[in-house]
Amino acid sequence: MEGRIKSIAEFRLIPEYLTNISDEGKNWLARAIVNILIVDKQLAPEEKGFFKDAIMMVESEKVRSELIESIKNRETVELGELLSDRDYAGHFFFFLGMVIAADGKIKTSEVKMLTSICGKLGFPSETAKTVLSWVSNMIKLNNEKNKLTVVMSEIKPVFVLK
């Protein structure tokens, strides 16, 4: 079945929730997403939706151009500390973990970037380990789900009439 969902990247940003985040917070998150996407020097097909999310959330044309150039040149953008939207810092961090998991692999370069971002969020370094453990478990569960859906697609249906 060609349309089968194999990616863990089924989670998307919901535009209505972005209304609660400041422009500064949106710009920071968009830059962090782009940095994770390009740190391994390739943009997997499963990751393209996250790039679109990053571009969509940014309202500044200048920042949007910066992100597009960053992807084209495969160069990370400057990411300062997240000083605004502190209530969302944990959500941002787990979301960035989902970005890493999008292609079903965790690369050393992505681990280093997530660890760097952990510091930019003001979290202790062990927080990155916790998020990476969660991401690893998500990838394992997603792979198991994919195997089970293949098996389930081959089961002949049995319907019980009442």
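The present account deals with the structure reproduced in this document. Here the residue numbering is sequential within each chain, running from 1 through the sequence in written order. Note on the predicted model: pLDDT of at least 70 is required for a residue's local features to be given, and 80 or more for side-chain atom pairs to be given and counted; whole-chain, interface and lining totals, by contrast, use all residues. Only hydrogens and water are set aside; all other atoms, that is, all heavy atoms of the structure, feed into the side-chain values.

Remarks on the packing of aromatic side chains
And then number 1: Each Phe, Tyr or Trp ring (for Trp, its six-membered ring) is paired with any other whose centre lies within 6.5 Å, and the angle between the two planes then decides the class: stacked below 30 degrees, edge-to-face above 60, tilted in between. In total, this model carries five aromatic pairs according to the counting rule given.
And then number 2: With a centroid separation of 6.2 Å and 15 degrees between ring planes, the pair formed by W28 and F92 is classed as stacked. Of this pair, W28 sits in helix α2 (residues 23-38) while F92 is found in helix α5 (residues 89-101), placing the two residues 64 residues apart along the sequence.
And then number 3: Each residue's exposure class comes from its accessible area (1.4 Å probe, protein chains only) as a fraction of the maximum for that residue type: buried when under 20%, exposed when over 50%, partly exposed otherwise. The class of F92 is buried, set by a relative accessible area of 4%.
And then number 4: Ring geometry for F93 against F123: centres 5.8 Å apart, planes inclined by 50 degrees, an arrangement best described as tilted. With F93 in helix α5 and F123 in the loop between α6 (108-120) and α7 (126-153), this residue pair connects regions lying 30 residues apart in the sequence.
And then number 5: Given a relative accessible area of 1%, F93 falls into the buried group.
And then number 6: For F123, a relative accessible area of 22% corresponds to the partly exposed category.
And then number 7: Members of the aromatic cluster, connected to one another through ring pairs, are W28, Y88 and F92. Starting at the N terminus, helices and strands are each numbered in turn, a helix being any DSSP run of H or I of at least four residues and a strand any DSSP run of E of at least two.

Describing the nonpolar core
And then number 1: What we call a nonpolar core is a set of buried Ala, Val, Leu, Ile, Met, Phe, Trp, Tyr and Cys residues that are connected through their side-chain atoms within 4.5 Å. Among the nonpolar cores identified, the biggest contains 43 residues, and W28, I33, L96 and I117 are the most heavily contacted of them.
And then number 2: Contributing elements (two or more residues each) for this core: α2, α3 (48-57), α4 (61-73), α5, α6 and α7.
And then number 3: Looking at this core, the element that brings in the most residues is α2, giving nine residues.
And then number 4: Note on definitions: a residue-residue contact is assigned when non-hydrogen atoms from the two residues lie within 4.5 Å. Residues contacting I117, with those up to four places away along its chain left out, are W28, A32, I36, L79, F93 and L96.

A look at the environment of K41
And then number 1: With respect to the element layout, K41 can be found in the loop between α2 and α3.
And then number 2: Separated by 84 residues in the primary sequence, K41 and S125 have C-alpha atoms spaced 24 Å apart.

So, the packing of α2 against α6
And then number 1: Interaxial distance between α2 and α6 falls to 10 Å at its minimum, and their mutual angle equals 160 degrees. What the angle tells us is that α2 and α6 run roughly antiparallel. With respect to the hand of their crossing, α2 and α6 are arranged in right-handed fashion. Two secondary-structure elements touch here, α2 through W28, A32, N35 and I36 and α6 through E110, M113, L114, I117 and K120.
And then number 2: The residue inventory of the contact of α2 with α6, partitioned by class, reads six nonpolar, one polar and two charged. To obtain each axis, a line is fitted to C-alpha atoms, and for helices this fit is confined to the stretch in contact; angles are then taken between N-to-C directions over 0 to 180 degrees. These descriptions rest on fixed angle ranges, namely under 35 degrees for roughly parallel, over 145 for roughly antiparallel, 65 to 115 for roughly perpendicular, and the rest for oblique. Helix crossings are classified by the rotation of the near helix relative to the far one: an anticlockwise turn of less than a right angle makes the crossing left-handed, while a clockwise turn makes it right-handed. Throughout, the ten residues Ala, Val, Leu, Ile, Met, Phe, Trp, Tyr, Cys and Pro are labelled nonpolar, Asp, Glu, Lys and Arg are labelled charged, and all others, Gly among them, are labelled polar.

Re the side chain of K107
And then number 1: Structurally, K107 is set in the loop between α5 and α6.
And then number 2: Since its relative accessible area comes to 19%, K107 is described here as buried.
And then number 3: For the purposes of these results, a polar contact is taken to be a pair of N or O atoms within 3.5 Å, where, inside protein, one atom must be able to donate a hydrogen and its partner to accept one; residues adjacent in sequence count only when each atom of the pair is a side-chain atom. Reaching out from K107, the side chain makes a polar contact with the side chain of D103 at a distance of 2.6 Å.
And then number 4: Other than its neighbours up to four places away in sequence, K107 contacts D40 and Q42.

With respect to α6
And then number 1: Its 13 residues place the ends of α6 19 Å apart at the C-alpha level, agreeing with the 18 Å of an ideal helix rising 1.5 Å per residue.
And then number 2: All buried positions along α6 are accounted for by E110, M113, L114, I117 and C118. Projected onto a plane normal to the axis of α6, the buried residues spread over an arc of 150 degrees and lie on a single side. Residues T108 and K112 are exposed on α6 and point more than 90 degrees away from its buried face.
And then number 3: Against α2, α5 and α7 lie the buried residues of α6.
And then number 4: In the stretch just after α6, G122 is the one whose phi turns positive, near 85 degrees. One less than the number of residues in a helix, times 1.5 Å, gives the span that helix is expected to have. Note that the arc is computed from the directions linking the helix axis to the C-beta atoms.

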